[in-house]
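Here are the chains, one letter per residue:
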Amino acid sequence: MQVVIIEDEPIAVRRIVMLLEELQPDIQIKATLSTVLDATAWFNKNPLPDLIFLDIQLNDGYGFDILDSLEKHPPIIFTTAFNEYAMRGFKYNGIDYLLKPINKEELRISLEKFGTLNSYKSEIVGGGDLEAIRNSLLGRDYKLRFMVKVGNRFNTINTKDIAYFKSHDGVIFLHTHDGKHYPVDYTIDNLEKLVNPLYFFRVNRKYMIAVSAVQEVHNYFNSRVLVRLLPKQDEKVIVSRDRTGNFKKWLDL
């Protein structure tokens, strides 16, 4: 398997290389590139690899700028410290989205996804069959249900029945579409990795919401937006300014 790594942090590059060599001893790392300019030039002169590891925020632009310059590209595993770009990443044939520092087990799962995808012998980028397979793979490792405690017993809540997660006094509560809520033993950071970002978005430090719970969206001062949810919340749910752009793209999928 031939791989190109596009990453501007030397420590992150070394970690990815080390983990790849442990997990795939026969891997061929064709290039490690650190800028949009260098990566674009490299792809103009070299054949495409089998897989790209791509950091989204680079010193001279975004990883998406590289992909936009190519007529076609192989599957991508995105690596970034910011998960606000997950939704956009999936539009670029992204088979997975790893938050830094890269976890070995998560990387192993990503490589398995690539192997499964590759076994279908789909053409690189653009085929309808590839899109269907990719969508299936994206959902495979996300939680489908949560177990919650109700009195002395435990119930199971399907993820599709969750309207949002809310942090209150240091405890995360799962709120369902029918107005019930239950404490869960997760942090918001944990939940970002556990639920499918096609359907859930973290709007601020307190809330991660399902698209099915969004009733209305209004412009708010200081370049932010106000979200009205169902079930209704008494407090204002405001999307933080740095997440507003990606929140709007998420709604417009």
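Refer to the structure presented above.
How each quantity is defined
- Residues numbered from 1 in each chain as written.
- Predicted model: local features only at pLDDT ≥ 70, side-chain atom pairs only at ≥ 80, totals over all residues.
- Heavy atoms only, no water.
- Core = buried A, V, L, I, M, F, W, Y, C linked by side-chain atoms within 4.5 Å.
- Buried < 20%, exposed > 50% of the residue type's maximum accessible area, 1.4 Å probe, protein only.
- Helix = DSSP H or I, 4+ residues; strand = E, 2+ residues; numbered from the N terminus.
- Contact = heavy atoms within 4.5 Å.

A. Fine view of the nonpolar core. One finds Val-4, Ile-6, Leu-33, Phe-43, Leu-54, Ile-66 and Phe-78 to be the most contacted residues of the largest nonpolar core, which totals 20 residues. Counting residues per element, this core draws most heavily on helix α2 (residues 36-45), at 4 residues. The contacts of Val-4, once residues within four sequence positions are left out, are Lys-30, Ala-31, Leu-33, Trp-42, Phe-43, Pro-49, Leu-51, Ile-52 and Phe-53. Counting residues in each nonpolar core, the second largest holds 17 residues, with Val-3, Ile-27, Leu-98 and Phe-114 among its members.

B. A look at unusual backbone geometry. Of the consecutive residues Lys-100 and Pro-101, the connecting peptide bond is found in the cis state with omega at 0°. Position of Pro-101 among the secondary structure elements: in the loop between β7 (94-99) and α5 (104-119). The omega angle of the peptide bond from Leu-230 to Pro-231 is 0°, so this bond is cis rather than trans. Its place among the elements puts Pro-231 in the loop between β16 (224-229) and β17 (237-239). If you check the backbone angles, Asp-169 has positive phi at about 55° while not being a glycine. As for its placement among the helices and strands, Asp-169 is situated in the loop between β10 (162-168) and β11 (171-176). With phi around 60°, Ser-223 is a residue other than glycine that occupies positive phi space. As for its placement among the helices and strands, Ser-223 is situated in the loop between β15 (214-220) and β16.

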